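Each chain is listed here by its residues.
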Amino acid sequence: MHKLIKIFKQYKTKLTWIYVFMLLTELSILSTPFLLGKSIDGLIVGNWYWIAMLGMSYFLSNFFNYKRMVYDTKVYTTIYNNIALKFLKNENVDVSTKIARTDMAHEIVHVLEGYVHYYIATIVTIIGSLIFIFTENLQVGILVSVSVIFIAGSVFILYKKIKQGIIIANNHYEKKANSIHNGYECSKSFFYRRRKIEIYQSTIQGKNWFLVNSIKYIFLLLSIILLITTTKNITIGSVVTVYSYVNNFLISLLSAPVAIEMFLRINDVLKRLN
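## Focus: the side chain of T241
- Note on placement: T241 falls in helix 10 (residues 236-253).
- Not counting the four nearest positions on each side in its chain, T241 is found in contact with P33, F34 and G37.

So this is what it looks like as structure tokens:
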């Protein structure tokens, strides 16, 4: 991951601005369940203060996201072009490999553009949601914290197979141009094998998601039961707030399979580009 860190350092000012806008957007979104719950309880008694605050949070999240979107494409396209053109100076690899690896360079930019944004949102949601849950109900907070162990364990069960699938897929992809150049039969064999590889990867991903989603729904149901049975004089707004934060927390934990796959994918691509 040294190359990725080097890219961060090279463009740290521009990337920092992008990630600041992302962070502000996610903080605005994080406040939504709290403000929604307060708005519901407030409107029941004729109080419009919290609904105005909810509207303000919607505006701010939309505004900060807009500022990020109009700026980041300029930065990411510059990064990609620099990586691809630098690699093309290498005279020790064939054309097929050059084509494949310059395409793979998109994975690096995708990490900076997509995955980093995704994990900023995930970290903010996990930490923020947990704070709100513990504030509302200590027992529910402890329960959802335990879910981390189960979800993390389920991901590492299939870790080796995910890694194997990524390496095989990238090795095969580097042969694409040569296969097409060698005629129809070679091309047919290439695409037939690519189909089998994609089916294998999809099957592993499906098993992973089924397992972690099953865990998520079990803990979500247990949290609802625990909240209702242990909280005295609970309001409609409080139920909506806690349910939303528990659901957001558990959904964010499902980023674990994505995180593992992203790390393995980008690590393999960086090795090939070095």
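There's more to say after this.
## With respect to the nonpolar core
- Membership of the largest hydrophobic core comes to 40 residues, with the highest contact counts inside it found for L15, Y19, Y76, I79 and V246.
- Contributing elements (two or more residues each) for this core: helix 2 (12-30), helix 4 (49-88), helix 5 (95-136), helix 6 (138-157), helix 9 (184-230) and helix 10.
- At 10 residues, the largest contribution of residues to this core is made by helix 5.
- When sequence neighbours within four positions are dropped, the list of residues in contact with V246 reads I133, V140, V144, L220 and S223.

## Thoughts on the environment of T230
- Take T230: it is sitting in helix 9.
- Each C-alpha atom of the pair T230 and Q139 lies 8.2 Å from the other, and the pair is 91 residues apart in sequence.
- Not counting residues up to four positions away in its chain, the partners in contact with T230 are N137 and Q139.
- For T230, the side chain forms a polar contact with the side chain of N137, separated by 3.1 Å.
- A distance of 2.5 Å separates a polar side-chain atom of T230 from the backbone oxygen of L226.

## Quick look at the pattern of salt bridges
- In this structure the tally under the stated criterion is two salt bridges.
- The residue R68 makes a salt bridge to D72 at a minimum N-O spacing of 3.0 Å. Of this pair, R68 and D72 both sit in helix 4, four residues apart, which is roughly one turn of the helix. Neither R68 nor D72 differs from the other in exposure class; each is buried.
- Salt-bridge contacts for R194 lead to E198; the nearest nitrogen and oxygen are separated by 3.8 Å. Linking R194 with E198, this pair stays in helix 9, spanning four residues, or about one helical turn.
- The exposure class assigned to R194 is partly exposed, which follows from its relative accessible area of 29%.

## Observations concerning the packing of aromatic side chains
- Tallied over the entire structure, the rule returns nine aromatic pairs.
- Here W17 and F21 contribute two aromatic rings whose centre-to-centre distance is 6.1 Å and whose plane-to-plane angle is 35 degrees, an arrangement assigned as tilted. Remark: F21 and W17 occur in helix 2; sequence separation between them is four residues, near one turn of the helix.
- The exposure class assigned to F21 is buried, which follows from its relative accessible area of 16%.
- Taking 6.1 Å as the distance between ring centres and 15 degrees as the angle between the ring planes, the aromatic pair formed by F59 and F63 counts as stacked. A residue pair is termed a helical-turn pair when its members lie 3 or 4 positions apart in one helix, as F59 and F63 do in helix 4 at four residues.
- With a relative accessible area of 36%, F63 lands in the partly exposed category.
- Aromatic ring contacts, followed pair by pair, group F34, Y49, W50, F132 and Y245 into a single cluster.

How each quantity is defined
- Residues numbered from 1 in each chain as written.
- Predicted model: local features only at pLDDT ≥ 70, side-chain atom pairs only at ≥ 80, totals over all residues.
- Heavy atoms only, no water.
- Helix = DSSP H or I, 4+ residues; strand = E, 2+ residues; numbered from the N terminus.
- Contact = heavy atoms within 4.5 Å.
- Core = buried A, V, L, I, M, F, W, Y, C linked by side-chain atoms within 4.5 Å.
- Buried < 20%, exposed > 50% of the residue type's maximum accessible area, 1.4 Å probe, protein only.
- Polar contact = N/O pair within 3.5 Å; in protein donor to acceptor, adjacent residues only side chain to side chain.
- Salt bridge = Lys/Arg side-chain N within 4 Å of Asp/Glu carboxyl O.
- Phe/Tyr/Trp six-rings, centres within 6.5 Å; stacked < 30°, edge-to-face > 60°.

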